[in-house]
Amino acid sequence: MTKKQGARTRLRAHFLANIGKIMDSDELREVAGGITEWARRVRELRNEEGYRILTHNDRNELKAGQYLLEDPKPIPAFERAISKETRAYVLDRNGFTCQMCGAVAGEPHPYDPARKTRLHLGHIIDKSQGGTDDPSNLRALCSVCNEGASNLTLDRPTSQKLLIQVRRARGIDQEEVLKWLLNKYPKRAKEILGEIED
């Protein structure tokens, strides 16, 4: 009896058998056996094994959720060099909130309420493009955004749009927003309150 192949092994074989073919996330999820962590296995092929798997971040003609391997020869693989300290710092700095869609760690995901939000660290400039593991190049991303879901293209709301939403909210919800902001920016809150009192 042969040992069942892991998702990463199956994905590697599939990419190598389909060099130059654009594949979408549904196809790759199926190849990986339907696991939710299929996108992480693809990133491991890129970052740890050095396969140059292109996405819409690398090529304008690729849409979100599309992948392409052009060359079967891997480039030198990147090692996992992000320390626990850096990870904790970035997650704390980003308020344990996805910087793409605003989902909060541990809460039901707004685009898939059946899933709890899990946060990962994502590179702003990909390592394959010369990006580093420096905290300034890292941000918190939920697993949905990190997997290349359609909400990747959502723009961050402006202060004007946020204020419109806050003004429309119930008083109790406005108070929750206020508490969250006071906790996030305690020094600045004291400064602003001091300015108001003067």
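The structure presented is a predicted model; accordingly, all values stated were derived computationally and were not measured.

Reading the values: the criteria
- Residues numbered from 1 in each chain as written.
- Predicted model: local features only at pLDDT ≥ 70, side-chain atom pairs only at ≥ 80, totals over all residues.
- Heavy atoms only, no water.
- Helix = DSSP H or I, 4+ residues; strand = E, 2+ residues; numbered from the N terminus.
- Buried < 20%, exposed > 50% of the residue type's maximum accessible area, 1.4 Å probe, protein only.
- Contact = heavy atoms within 4.5 Å.
- Areas by Shrake-Rupley, 256 points an atom, 1.4 Å probe, with all protein chains shown as cover.
- Core = buried A, V, L, I, M, F, W, Y, C linked by side-chain atoms within 4.5 Å.
- Phe/Tyr/Trp six-rings, centres within 6.5 Å; stacked < 30°, edge-to-face > 60°.
- Pairing = 2+ DSSP bridges.
- Axes fitted to C-alpha atoms, helices over the stretch in contact; angles between N-to-C directions.
- Salt bridge = Lys/Arg side-chain N within 4 Å of Asp/Glu carboxyl O.
- pLDDT = per-residue confidence, 0-100.
- Patch = residues over 30% accessible without salt bridge, like charges linked within 9 Å, V, L, I, M, F, W, Y side chains within 5 Å.

### Here's the deal with the overall build of the protein chain
(1) Moving on: Of regular secondary structure, the protein chain possesses 8 helices and 7 strands.
(2) Moving on: Each of the 198 residues in the protein chain was classed as buried or not, and the buried ones make up 33%.
(3) Moving on: Considering only contacts in the protein chain between residues 6 or more positions apart, those separated by 24 or more positions represent 54%.
(4) Moving on: Counting only carbon and sulfur atoms, one obtains 53% of the accessible surface of the protein chain, whose full area is about 13,100 Å².

### Some remarks on the nonpolar core
(1) Moving on: Core analysis: the largest hydrophobic core is formed by 15 residues, its most contacted members being Leu11, Phe15, Leu28, Trp38, Val42, Ile53 and Tyr67.
(2) Moving on: Among the secondary structure elements, those contributing two or more residues to this core are helix H1 (7-17), helix H2 (25-31), helix H3 (38-47) and strand S3 (66-69).
(3) Moving on: Looking at this core, the element that brings in the most residues is H3, giving 4 residues.
(4) Moving on: Excluding residues that lie within four positions of it along the chain, Ile53 makes contacts with Phe15, Val42, Leu45, Arg46, Asp58, Tyr67, Leu68 and Leu69.
(5) Moving on: Listed in part, the 14 residues of the second largest apolar core include Val90, Leu91, Ala140 and Cys142.

### Re the packing of aromatic side chains
(1) Moving on: Taken as a whole and judged by the stated rule, the model has 1 aromatic pair.
(2) Moving on: Geometrically, the ring pair formed by Trp38 and Tyr67 is edge-to-face, given 5.8 Å between the ring centres and 80 degrees between the ring planes. In this pair, Trp38 is assigned in helix H3 and Tyr67 in strand S3, connecting sequence segments 29 residues apart. Just as Trp38 is buried, Tyr67 falls in that class too.

### Some points on the sheet that holds strand S2 (residues 53-54)
(1) Moving on: Read across the open sheet, the 3 strands follow the order S1-S3-S2; overall the sheet is antiparallel. Of all strands in the sheet, those with a lone pairing partner are strand S1 (23-24) and S2, marking the two edges.
(2) Moving on: Direction of pairing for S2 relative to S3: antiparallel, over a ladder of 2 bridges. Along S3, the bridge assignment pairs Leu54 with Leu68.
(3) Moving on: H1 rests against S1, S2 and S3 of the sheet, and its axis sits at about 70 degrees to S3.

### Focus on the pattern of salt bridges
(1) Moving on: On inspection of all chains with the given rule, the structure shows 12 salt bridges.
(2) Moving on: A salt bridge links Arg8 to Glu49, with the shortest nitrogen-to-oxygen separation between them at 2.9 Å. Separated by 41 residues along the polypeptide, Arg8 in helix H1 and Glu49 in the loop between H3 and S2 bring together distant segments of the chain.
(3) Moving on: Put simply, Glu37 and Arg40 hold a salt bridge, and the shortest N to O gap is 3.3 Å.
(4) Moving on: Put simply, Arg8, Arg12, Arg41, Glu44 and Glu49 are held in one network by salt bridges that share partners.

### Some words on the pairing of strand S5 (residues 112-116)
(1) Moving on: The buried fraction of S5 amounts to 0 of the 5 residues, a small share that puts the element mostly on the outside.
(2) Moving on: For strand S4 (residues 108-109) and S5, the ladder comprises 2 bridges, and the chain directions are antiparallel. Across the sheet, residue Pro108 finds its bridge partner in S5, namely Lys116.
(3) Moving on: Connecting S4 to the next strand, S5, in antiparallel fashion are 2 residues.

### Some words on the confidence of the model for the protein chain
(1) Moving on: With 89% of its residues at a pLDDT of at least 70, the protein chain reaches an overall mean of 82.
(2) Moving on: Of the regions scoring below 50 in pLDDT, residues 149-154 engages in 9 contacts with residues more than four places distant in sequence or in other chains.

### What about a nonpolar patch on the surface?
(1) Moving on: Together, Val177, Trp180, Leu181 and Tyr185 make up a nonpolar patch on the protein surface, roughly 380 Å² of accessible area in all.
(2) Moving on: The residue Tyr185 is located in the loop between helix H7 (171-184) and helix H8 (186-197) in this model.
(3) Moving on: On the basis of relative accessibility, which here comes to 45%, the residue Tyr185 falls in the partly exposed class.

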